[in-house]
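Descriptive analysis of the structure
So you can see what is in the structure, the chains are spelled out below.
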Protein chains: 2
Amino acid sequence: MSSTNVTNIKALKQACKTCGLRDLCLPLGVATEDLSLLEGIISRKRPLQRRDVIYQAGDPLTCLYAVRTGSVKTFVLTNDGEEQVTGFHLPGELLGLDAINDGTHPCTALALETASVCEIPFHLLEELAGRTPRLQHQLLRIMSREIQTDEHLMTLLGHRASDARLAAFLLNLSRRFGMRGFSRHEFNLTMSRCEIGNYLGLAVETVSRMLSRFQDQGLIQVQRKFIIILDVDGLREIAGVHGHESRQSEQVSGS
Amino acid sequence: MSSTNVTNIKALKQACKTCGLRDLCLPLGVATEDLSLLEGIISRKRPLQRRDVIYQAGDPLTCLYAVRTGSVKTFVLTNDGEEQVTGFHLPGELLGLDAINDGTHPCTALALETASVCEIPFHLLEELAGRTPRLQHQLLRIMSREIQTDEHLMTLLGHRASDARLAAFLLNLSRRFGMRGFSRHEFNLTMSRCEIGNYLGLAVETVSRMLSRFQDQGLIQVQRKFIIILDVDGLREIAGVHGHESRQSEQVSGS
DNA sequence: CGTAGGATTGAAGCCGCTCAACCAAAGTGG
DNA sequence: CCACTTTGGTTGAGCGGCTTCAATCCTACG
């Protein structure tokens, strides 16, 4: 239909100002007048279908991508050809930061479901960041956050048992969904058990068994991809998080 | 002695221009005239003794630190009080990047041996980076590299067996020593077996056994902390690296 | 309705952890 | 200078958690 065409064309230039993800994304802390500049270099790509590739390992870095809707996974291929999931990404998160180092994407990014992303030419972003202190600061913060997140996952993979890994994973998803205005207690897993296992360094069977066990323990309720969290504190206990929230931090408060 | 005092005072302001680590550190790619500005905000702290703390988890972020000599480990404490090593850092590497996110150091940094670091006030660095595109770019690159490194470690921890982890660890150290002008084939481990195991998600005993096995297989020679690498390709085979160098990348080539 | 891919469940085996003893090197104090 | 202690490392035995292999079930989709 032509009407959808018109909408697509209109939506091509994205307005960060009116975007609900503003406070989770690059614009956080950036003054309104500077936001227009940022909007000027960002374009919204057309919606992606499940399994569409956003960029591929080996591609030269041209743009960073901000997830707008849907979810995305990133993975590398080992030299023996098997896939290793490095992350799942929700709306407001930035993709491609690991490519800045040598100008080449080390991993592939792929839509887990119908999704859309904003496209940010990296050299323009860099140039704009140089002229916009708050933007530069927010870019650094986002990269720092990614480092923190990875460190957290490293300790999970290196030191925690399978139940702790899965509990932490669920809590992390719950938090991230919550921050985006979705329910913290009920959500759909957009990734397969296999992908979860791959990400957490566990066999598919172990993931499945743990989910069943959590359900038997009354911690969660599982219906295929749909998860209901019944006992957050119980999960926290298992994840080894006592006082404060299950980390893998993201901020809302401005700097 | 007064003579050492004089040297210390002289050394307090550090000259990046004459530093042998220039091409591994922040100054890479920064024009000579801008280097003076960078030098202007960097000071060299006095040498550290083994086990001296550079910053502690929970400290507010005031400075980033560049390792100048010696080696440093970073670690977090889990809520049950056990230590989890997040990295070992050699000269030219930047410490504290994970603190930018929320302005607080999530981990503690501690000298593994006699060491020295350059101190870089973060707010000044940020401000200078805004006025110096090459510096901003290099800062982003270094953070991106850290993300890549962490991703690499994640796949190691999540998917590889103990022998592959240790082999990759040795190869990685070998590379990093090599890039700093030290031998790639012979070096001292400045960290204990326990710290290696902690970092790689292995028990101390496993580290010890693997080192013995590698020695029996004629891959390396171990004398307490001193390691001689006899068969790089053999180690690569075990690490699961075929074509290209054992990753955990660092660049020398300018942007 | 039939098929395929994903998910679950069970059984068996192995890798790496735990526990424990022993050893070596480096301090430490008399 | 030597006994004693401490710290870090090695080696062995046994166990357990997770993987692997395999069969079955479920659901989506043609």
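Just so it is clear, the structure is predicted and the values come from calculations on it, not from any experiment. (Residues numbered from 1 in each chain as written. Chains lettered and ligands numbered in written order. Predicted model: local features only at pLDDT ≥ 70, side-chain atom pairs only at ≥ 80, totals over all residues. Heavy atoms only, no water.)

**Describing the protein's contact with DNA strand C**
Cut-off, in case you're wondering: Any residue with a non-hydrogen atom lying within 4 Å of a molecule or strand is treated as near it. Distance and chemistry together define a polar contact, namely a pair of N or O atoms within 3.5 Å, with one atom able to donate a hydrogen and the other to accept it when in protein, and with adjacent residues in sequence counting only for side-chain atoms on both sides. By definition, any uninterrupted DSSP run of H or I lasting at least four residues is a helix, any uninterrupted run of E lasting at least two residues is a strand, and each is numbered from the N terminus. In this count, Pro and Cys sit with the nonpolar residues alongside Ala, Val, Leu, Ile, Met, Phe, Trp and Tyr, while Asp, Glu, Lys and Arg are called charged and the others, Gly among them, polar.
Around DNA strand C sit 18 residues, and of these Arg 193, Ser 208 and Ser 212 of chain A together with Ser 162 and Thr 206 of chain B come closest. The share of sugar and phosphate among atoms of DNA strand C within 4 Å of the protein is 62%. The backbone of Ser 162 of chain B places a nitrogen or oxygen atom 2.8 Å from a phosphate oxygen of DNA strand C. In the model, a phosphate oxygen of DNA strand C is placed 3.1 Å from a nitrogen or oxygen of the Ala 203 of chain B main chain. Per-element accounting of the surface near DNA strand C gives the leading share, four residues, to helix H7 (residues 204-216) of chain A. Residue classes in the surface near DNA strand C are distributed as four nonpolar, six polar and eight charged.

**Quick word on the confidence of the model for chain A**
The line we're drawing: Residue-level confidence of the predictor, termed pLDDT, takes values from 0 up to 100. Any two residues having at least one pair of non-hydrogen atoms within 4.5 Å are treated as being in contact.
This prediction gives chain A a mean pLDDT of 89; 89% of its residues lie at or above 70. Note that residues 1-10 of chain A has pLDDT below 50 and, in this model, zero contacts with residues that lie over four places away or in other chains.

**Concerning a positive patch on the surface**
Note the following rule: Patch membership is restricted to residues that have no salt bridge and whose relative accessible area is over 30%. Joining uses 9 Å for like charges and 5 Å for the nonpolar side chains Val, Leu, Ile, Met, Phe, Trp and Tyr. Here the accessible surface of atoms and residues is derived via Shrake-Rupley with a 1.4 Å probe, and residues count as covered only by protein chains that are part of the display. A side-chain nitrogen of Lys or Arg and a carboxyl oxygen of Asp or Glu constitute a salt bridge if their distance falls within 4 Å. The sign given to each residue is positive for Lys and Arg and negative for Asp and Glu; His and the chain ends receive no count. Taken as the charge centre is NZ of Lys, CZ of Arg, CG of Asp or CD of Glu, depending on the residue.
On the surface, Arg 50, Arg 51, Arg 224 and Lys 225 of chain A cluster together to form a positively charged patch. Topologically, Arg 50 of chain A is positioned in the loop between strand S1 (43-44) and strand S2 (53-55).

**A closer look at the interface of chain B and chain A**
Here is the rule: Here the quantity called buried area is the accessible surface, traced with a 1.4 Å probe, that two parts lose on coming together, added over both.
Across the boundary between the two partners, chain B contributes 41 residues, which contact 41 residues of chain A. For the pair chain B and chain A, the summed buried surface comes to about 4100 Å²; carbon and sulfur atoms form 54% of the total. If you look at where chain B meets chain A, you find zero salt bridges. On inspection of chain B and its partner chain A, the count reaches 18 residue pairs in polar contact (both at pLDDT 80 or more). Here the element with the most residues in the side of chain B that touches chain A is helix H4 (residues 133-159) of chain B; it accounts for 19 residues.

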